[in-house]
2 protein chains.
Amino acid sequence: MDLITVRELYKHSEEYLDKEITVGGWIRSLRDSKSFGFIVVSDGTCFQTLQIVYHDNLDNFTEVSRLNVGTAIIAKGTLVATPEAKQPFEIQALSITVEGASAPDYPLQKKRHSFEYLRTISHLRPRTNTFQAVFRVRSLIAYAIHQYFQEQDFVYVHTPLITGSDCEGAGEMFQVTTLDLSNVPRTADGQVDFSQDFFSKPTNLTVSGQLNVEGYAMAFRNVYTFGPTFRAENSNTARHAAEFWMIEPEMAFADLNDNMHLAEGMLKYVIQYVLDHAPEEMNFFNQFVDKGLLDRLHNVLGSEFGRITYTEAIALLEQHNNKFDYKVSWGCDLQTEHERFLTEQLFKKPVFVTDYPKEIKAFYMKLNPDNKTVAAVDCLVPGIGEIIGGSQREDDYDKLVARMREMGLSEEDYSFYLDLRKYGSTRHAGFGLGFERCVMYLTGMSNIRDVIPFPRTVNNCDL
Amino acid sequence: MDLITVRELYKHSEEYLDKEITVGGWIRSLRDSKSFGFIVVSDGTCFQTLQIVYHDNLDNFTEVSRLNVGTAIIAKGTLVATPEAKQPFEIQALSITVEGASAPDYPLQKKRHSFEYLRTISHLRPRTNTFQAVFRVRSLIAYAIHQYFQEQDFVYVHTPLITGSDCEGAGEMFQVTTLDLSNVPRTADGQVDFSQDFFSKPTNLTVSGQLNVEGYAMAFRNVYTFGPTFRAENSNTARHAAEFWMIEPEMAFADLNDNMHLAEGMLKYVIQYVLDHAPEEMNFFNQFVDKGLLDRLHNVLGSEFGRITYTEAIALLEQHNNKFDYKVSWGCDLQTEHERFLTEQLFKKPVFVTDYPKEIKAFYMKLNPDNKTVAAVDCLVPGIGEIIGGSQREDDYDKLVARMREMGLSEEDYSFYLDLRKYGSTRHAGFGLGFERCVMYLTGMSNIRDVIPFPRTVNNCDL
């Protein structure tokens, strides 16, 4: 259909002023009086709405005046400038056609609805201002991430979702099966007979594509994943979802410094992209969702990220132990309260914390010469805490095997991973960015359920 | 690390000629003689390799001469032009450092390996010429698709992977569960007790994001998905995988013509992008994988796609029924042999087939005024057959309910989908592109296992 979008009107209004155009959209509000009325429509192509003025010269004037919020209409009319009004222009309607009515029980009336309520109608909530903004920005962030990596010739790799292995031994995975749950087949000795399952063995949903993508870094040098990941964690918090998206870049011939450089560049690139491409949405968040948002993001763009070792961070935090629920000491994992204190109070900007005790980090991280810490890095940002976790990987075959044995991991299960250390190993590093955390960080939204189109959490898999 | 990439050398060699540079990469081949040798390395950043010449003035000359294929090295030296040689330049080495050795049993020796063998080492095969080309092109296609939609302000929507519904009633889905398979809990009446499962109900892996994304089209007008999809189909063919990626655009205020326009534009855009950004890889495919590839793709770029109704197509095909294993007649589904005959023999270019009998298409497709056919469209391309399937959607509440009842679908299960016809319905249309089929089409690769980094098929979930 040849409809002019509202986005196009805002971009090039001069081309359309005083001309007859046709637009389509959904009614956000309608005010009618005896001989004329105003309709505000959103056509979903941009955050701004469009006002349509109609008069009783329309054949269907009475019908139009009774249209409900949510109705889809097609309006033909003349675009006229409105220098006195809030909006820069409006349409003087010549005809208004109803494309699809909106039943009287339409759940999105003009009043403000709570986020909790809107979660119960996840198929309709993108029609509200807040979720228009959230999900357009989510889309832009996703694209900006691709653009950042592709401009630097990183190869995008689709790592598998269904997996026979349990990366990081993270536990709490979803099983994938085609066995009949009401009648699970058994082997002679009473075990589940996985030979009858689709893949002839137990399989799970992935918790990370990292181990797989390392193999691709050893072929393409610079690679990244961007795909869904799953955790069957029984955590009913505002920050946990059972299904979320992750970005995991991996670079060969690269160390922890290269890793931090890439991560800092990425966050700044994405922030700049969103500020450039969704200014109205970002202003909306700043005004209605999170008052300090724009200042915080501009502050990030303008500053060099801090860098501190875990050991130094602990020394600093110990001086403030009276402020924490969990007291810190060398060897403990950092809690969100510590992370936020570091980045919000001490650094007042994003900060990289490096070189954590090996005991609290994954087996594949490179052992430092002190034999106590590993070349890990977390990036902490104000308002969130940890947003990125990464490391230089252990590239030495013998050290990796030794660490796996210490941790009771089977060399056979990881033989493909060990191969990468056997055939042309190089120093290499990478990190994981939780995509939803990134969206929360850039929008100021505080519940992960409100930045995922159809969120999956404990006991919740609607629609 | 400050290494110059081979891609950068090929792009701006003039900047580096006769200068001292450092490169890193993996040895593809090594020829040594008494006092000097040649090493060909790939650094993974581009298809081309780089030749390094070294002499016995190196401290580690003997060590270097014995390096195995696959070894990771860092070489410092001077880039010199080689106007007489096949390659435009080479490096005269000043030093060569071994970053990681390659064990003698390195599985990728210089000889040619079969694709079947390479599938058994999916973590190493991206180091070969063919898979370097395939997976770089796969990455470029993915990005080109995003770029195509984002340039037109389509909103990228992540539809859920874990789902409580069975879109299209496609059957053959993977179940997702955290129940203990060796001891499945039961309710009092002996049924599986899903209240103890993670989501408190049975859940599956999605077969399509379409129904969900339609809700977003009704908010943003133009949207698309790009994510994994799953089929637990017991098909051990060269075209079926259990896990694959799909692209599903959906447009509000759009009909079947808009749909075809979008699909044709997308395919041409992606082909042009890949020809522009991976000329060496595409030449390689044309030379070694599929001889007619480039001609075919250029032909697509230069031609307007054909358009024919199903009824017309059947009339044409019936004249050639002697050539088919399955004879066609009105009402039958088109098999790959028919699709390929249409596009390869009759049209000699891509063709859209529209308006299929409602009986062989999904419940949500818009009923045509003839009450016999629906506004469906398949795009058929030479060498593949169907690459895109789409439709205008039934936007009339009553007609949709009637069709669902005919097909025995529960209105309750689809109440969210029916809501979209109740509150501001508009004509809308969309399609699905199987991403792997698209990669096969653009590379000439004939087995889907060879265009997925870690393929999942019946009985196969390695790595």
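What you are looking at is a predicted structure, and each value in this text was computed from that prediction instead of being measured. (Residues numbered from 1 in each chain as written. Chains lettered and ligands numbered in written order. Predicted model: local features only at pLDDT ≥ 70, side-chain atom pairs only at ≥ 80, totals over all residues. Heavy atoms only, no water.)

S.K.: Tell me about the nonpolar core, and please be specific about residues and values.
M.R.: Residues A:I141, A:F174, B:I141 and B:F174 are the most contacted members of the largest nonpolar core, which totals 258 residues. Among residues more than four places away in sequence, those in contact with B:I141 are B:V270, B:V274, B:F435, B:C438, B:V439 and B:L442. Core analysis: the next-biggest nonpolar cluster, separate from the first, contains 24 residues, A:V6, A:L9, A:Y54 and A:I96 among them. (Core = buried A, V, L, I, M, F, W, Y, C linked by side-chain atoms within 4.5 Å. Buried < 20%, exposed > 50% of the residue type's maximum accessible area, 1.4 Å probe, protein only. Contact = heavy atoms within 4.5 Å.)

S.K.: For the side chain of A:T128, give the residues involved together with the corresponding values.
M.R.: All names here are of chain A. In this fold, T128 is placed in the loop between α4 (115–119) and α5 (129–151). We classify T128 as buried; its relative accessible area is 15%. At a separation of 2.8 Å, a polar atom in the side chain of T128 contacts the main-chain carbonyl oxygen of R125. (Helix = DSSP H or I, 4+ residues; strand = E, 2+ residues; numbered from the N terminus. Polar contact = N/O pair within 3.5 Å; in protein donor to acceptor, adjacent residues only side chain to side chain.)

S.K.: Give a description of the packing of α5(A) against helix α8 (residues 279–289) of chain A that names residues and reports values.
M.R.: All names here are of chain A. The contact between α5 and α8 brings their axes to 10 Å, and the two run at 125°. One element, α5, and the other, α8, form an angle in the oblique class. Of the two possible hands of crossing, α5 and α8 adopt the one that is left-handed. Two secondary-structure elements touch here, α5 through N129, T130, A133, V134, R136 and V137 and α8 through E281, M282, F284 and F285. A per-class count over the contact of α5 with α8 returns 6 nonpolar, 2 polar and 2 charged. (Axes fitted to C-alpha atoms, helices over the stretch in contact; angles between N-to-C directions. Parallel < 35°, antiparallel > 145°, perpendicular 65-115°, else oblique. Left-handed = near helix turned anticlockwise from the far one by under 90°. Nonpolar A, V, L, I, M, F, W, Y, C, P; charged D, E, K, R; others polar.)

S.K.: Describe the relation of the copies chain B and chain A, and please don't skip the residues or the numbers.
M.R.: Turning chain B through 180° and shifting it by 0.0 Å along the axis lays it on chain A, with an RMSD of 0.0 Å. The transformation relating the two chain copies, once decomposed into turn and shift, fits a two-fold axis. Distance from the rotation axis, computed per C-alpha, reaches its smallest value in chain B at B:V176: 2.5 Å. Residue by residue, 100% of the interface of chain B is reproduced at the interface of chain A, so both copies engage with the same surface. (Least-squares fit on C-alpha atoms with pLDDT ≥ 70 in both.)

S.K.: I'd like to hear about the interface of chain B and chain A, residue by residue, with values.
M.R.: Often, the extent of an interface is quoted as the loss of accessible area upon association of its parts. Each partner contributes to the interface: chain B provides 117 residues, whereas chain A provides 117 residues. Taken over both partners, the interface formed by chain B and chain A buries close to 9600 Å², and the fraction arising from carbon and sulfur atoms is 60%. At the junction of chain B and chain A, the tally comes to 10 salt bridges. Taking the shortest distance from any N to any O, the salt bridge between A:K201 and B:D462 comes out at 3.9 Å. Counting residues per element, the side of chain B that touches chain A draws most heavily on helix α5 (residues 129–151) of chain B, which supplies 12 residues. For the side of chain B that touches chain A, the per-class residue count stands at 58 nonpolar, 37 polar and 22 charged. By the bridge criterion, 3 bridges tie strand β8 (residues 175–177) of chain A to strand β8 (residues 175–177) of chain B in an arrangement that is antiparallel. Counterpart to A:Q175 in the pairing with β8(B) is B:T177. (Buried area = accessible area lost by both parts, 1.4 Å probe. Salt bridge = Lys/Arg side-chain N within 4 Å of Asp/Glu carboxyl O. Pairing = 2+ DSSP bridges.)

S.K.: So, helix α12 (residues 397–406) of chain B: which residues are in play, and what are the values?
M.R.: Since one α-helical turn is 3.6 residues long, residues separated by three or four positions face the same way. Residues and elements named next belong to chain B. The set of residues buried in α12 consists of L400, V401, R403 and M404. Down the axis of α12, the buried side of the element spans an arc of 165°, and every buried residue falls inside it. Set apart from the buried face of α12 by more than 90 degrees, the exposed residues are D398, R405 and E406. The distance from a side-chain oxygen at the start of α12 to the backbone nitrogen of D398 is 3.0 Å, and the residue carrying that oxygen is D396. Phi turns positive one or two residues past the end of α12, at G408, with a value near 70°. (Arc of directions from axis to C-beta.)

S.K.: Tell me about the packing of aromatic side chains, residues and numbers included.
M.R.: Residues and elements named next belong to chain B. Tallying each qualifying case throughout the model produces 66 aromatic pairs over all chains. Arranged with centres 6.0 Å apart and planes meeting at 25°, the rings of F131 and F135 form a pair that is stacked. Of this pair, F131 and F135 both sit in helix α5, 4 residues apart, roughly one helical turn. An angle of 75° between the planes, with centres 5.4 Å apart, marks the rings of F363 and Y364 as edge-to-face. For Y364, a relative accessible area of 4% translates into the label buried. (Phe/Tyr/Trp six-rings, centres within 6.5 Å; stacked < 30°, edge-to-face > 60°.)

S.K.: Report on the domain arrangement of chain A, specifying residues and quantitative values.
M.R.: Residue and element names in this part refer to chain A. Parsing chain A into structural domains produces domain 1 (6–100) and domain 2 (127–170 + 207–450). Taken together, both faces of the contact between domain 1 and domain 2 bury some 730 Å²; the carbon and sulfur share is 43%. For the domain 1 face of the interface with domain 2, the top three residues by lost area are R28, F47 and Q48, together amounting to 70%. Where domain 1 touches domain 2, the interface holds 5 residue pairs in polar contact (both at pLDDT 80 or more). (Domains from an automatic or database assignment.)

S.K.: Let's hear about the environment of B:N60: which residues, and what values?
M.R.: Residue and element names in this part refer to chain B. Mapping N60 onto the fold places it in the loop between β3 (50–55) and α3 (61–65). Sequence spacing of N60 and A217 is 157 residues, and the spatial spacing of their C-alpha atoms is 64 Å. A distance of 2.8 Å separates a polar side-chain atom of N60 from the backbone oxygen of I96.

S.K.: Got a sec to walk through the side chain of B:H320? Specific residues and values, please.
M.R.: With respect to the helices and strands, the residue B:H320 is situated in the loop between α10 (310–318) and α11 (336–347). Every residue in contact with B:H320, bar those within four places of it in the chain, is listed here: B:F341 and B:L346.

S.K.: Describe the pairing of strand β5 (residues 89–100) of chain A, naming the residues involved and giving the relevant values.
M.R.: Residues and elements named next belong to chain A. Looking at chain direction, strand β3 (residues 50–55) and β5 are connected through 3 bridges and run parallel. Across the sheet, I52 pairs through a bridge with I91, a residue of β5. When strand β4 (residues 72–81) meets β5, the two strands line up antiparallel, connected through 10 bridges. Residue pairing across strands places V80 opposite E90, the latter belonging to β5.

S.K.: Kindly report on the sheet that holds strand β7 (residues 162–163) of chain B, identifying the contributing residues and their values.
M.R.: Consider a sheet: its strands pair through backbone hydrogen bonds, and that pairing is either parallel or antiparallel. Ordered by their spatial adjacency, 6 strands build an open sheet running β7(A)-β9(A)-β8(A)-β8(B)-β9(B)-β7(B), and the pairing between neighbours is antiparallel. What marks the edges here is a single partner per strand, and that holds for β7 (162–163) of chain A together with β7 of chain B.

S.K.: Residues and numbers for the confidence of the model for chain A, please.
M.R.: Averaged over all residues, the pLDDT of chain A equals 96, while 99% of them reach at least 70. With pTM at 0.97, the complex prediction returns an ipTM value of 0.97. (pLDDT = per-residue confidence, 0-100.)

S.K.: I'd love a proper account of the environment of A:E312, names of residues and values included.
M.R.: For A:E312, the position within the fold is in helix α10 (residues 310–318). Given a relative accessible area of 44%, A:E312 falls into the partly exposed group.

S.K.: Any details on unusual backbone geometry? Residues and values, ideally.
M.R.: Of note, A:S200 is a non-glycine position whose phi angle comes to about 60°, a positive value. The partly exposed category is assigned to A:S200, whose relative accessible area is 31%.

S.K.: Give me the sheet that holds strand β16 (residues 428–434) of chain B: which residues, what numbers.
M.R.: Residues and elements named next belong to chain B. Across the sheet, which stays open at both edges, the 8 strands sit in the order β6-β10-β11-β16-β15-β14-β13-β12 with mixed pairing between neighbours. Edge positions in the open sheet fall to β6 (155–156) and β12 (306–309), since each of these has one partner strand only. Summarising the sheet, β12 and strand β13 (residues 351–357) pair through 4 bridges and their orientation is parallel. Bridge pairing in β13 links G306 to V351.

S.K.: Give a detailed account of the pairing of strand β14 (residues 373–381) of chain B, specifying residues and quantitative values.
M.R.: Two faces make up the sheet, and in a regular strand the side chains alternate between them. All names here are of chain B. The element β14 is largely enclosed, with a buried count of 9 among its 9 residues. As judged from the 6 bridges shared by β13 and β14, these two strands associate in the antiparallel manner. Within β14, the position partnered with F352 by the bridge is C379. Pairing of β14 with strand β15 (residues 385–392), which is carried by 6 bridges, proceeds in the antiparallel orientation. Residue pairing for β15: D378 is matched across the bridge by G389.

S.K.: Account for the pattern of salt bridges, naming residues and giving values.
M.R.: Under the definition given, this model contains 40 salt bridges over all chains. A salt bridge links B:D153 to A:R7; its shortest N-O distance comes to 3.8 Å. Of this pair, B:D153 sits in the loop between α5 and β6 while A:R7 is found in helix α1 (residues 6–11), placing the two residues in two different chains. Residue B:E281 is joined to B:R136 by a salt bridge in which the shortest nitrogen-to-oxygen separation is 2.8 Å. On the criterion of sequence distance, the pair formed by B:E281 in helix α8 (residues 279–289) and B:R136 in helix α5 is long-range, its members being 145 residues apart. The same class applies to B:E281 and to B:R136, which are both buried. Connected via shared salt-bridge partners are A:E214, A:E250, A:R393 and A:R421.

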